[in-house]
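Survey of secondary and tertiary structure
For reference, the chains in residue letters:
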Amino acid sequence: MNRRFFLYGSTGAAIVAGLPLLARQDIASPAMAKDKDQFEIEKTEAEWREILTPERYKVLREEATERAFTSALNDEKRAGTFHCAGCDLPLYSSQTKFESGTGWPSFWEALPDAIGTRMDRSFFMVRTECHCSRCGGHLGHIFDDGPPPTGKRHCINGLALTFKPSGAA
């Protein structure tokens, strides 16, 4: 199967490319302004850049999207917990992970109080963006085409997550 990936630059123009990340178009919407949110963990841009890889920084702090089918966590099948790569908050149980076929780790439910949401009107569509409730790191989006019991699909960037198997210290 031949896959093409469409990337959007800061102008919003689509191009076909094999770059590792999809950059999110900047939106001047008060609902999307991160500086209006207050999170338990607040760091400067320099502090985030010091603790995150450049790829993780782009996803968690600049709301980029990794290319589909590139995360090893998409194929993770062990029992355990998926944590925020920015602050280590437990976000998703492996018990709620499912194979969505989209190329990103997908879950039908987050752990209690682990994520926050806001409306995302980028790329000429309306979506529900989700972020870590502790540090505000961008995780991905939530859609209404998931399996029971919630009918939700939390489509999450693997770069936004770390995985801790059950029984790991």
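Okay, so let's go over this structure.

The next point concerns unusual backbone geometry. In this model, Pro148 is joined to Pro149 through a cis peptide bond whose omega is 10 degrees. In this structure, Glu63 is a non-glycine residue whose phi angle is positive, near 60 degrees. Looking at the element boundaries, Glu63 is found in the loop between α2 (54–62) and β4 (65–66). Within the chain, Phe69 stands out as a residue other than glycine whose phi angle is a positive 65 degrees. Tracing the backbone shows Phe69 in the loop between β4 and β5 (80–84).

This paragraph deals with the packing of aromatic side chains. If you walk through the whole model with that rule in mind, you get 3 aromatic pairs. Ring centres of Phe82 and Phe163 lie 4.7 Å apart, and the angle between their planes is 50 degrees; this geometry places the pair in the tilted category. One end of the pair, Phe82, is in strand β5; the other, Phe163, is in strand β13 (residues 161–165), and 81 residues separate them in sequence. With respect to burial, Phe82 and Phe163 carry one shared label: buried. Here a set of aromatic residues connected by ring pairs shows up, and it is made of Phe82, Tyr92, Phe107 and Phe163. Of note, Lys43 hangs over the ring of Trp48, and the distance from its end group to the ring centre comes to 5.7 Å.

The rules behind each value
Residues numbered from 1 in each chain as written. Predicted model: local features only at pLDDT ≥ 70, side-chain atom pairs only at ≥ 80, totals over all residues. Heavy atoms only, no water. Helix = DSSP H or I, 4+ residues; strand = E, 2+ residues; numbered from the N terminus. Phe/Tyr/Trp six-rings, centres within 6.5 Å; stacked < 30°, edge-to-face > 60°. Buried < 20%, exposed > 50% of the residue type's maximum accessible area, 1.4 Å probe, protein only. Lys NZ or Arg CZ within 6 Å of the ring centre and 35° of its normal.

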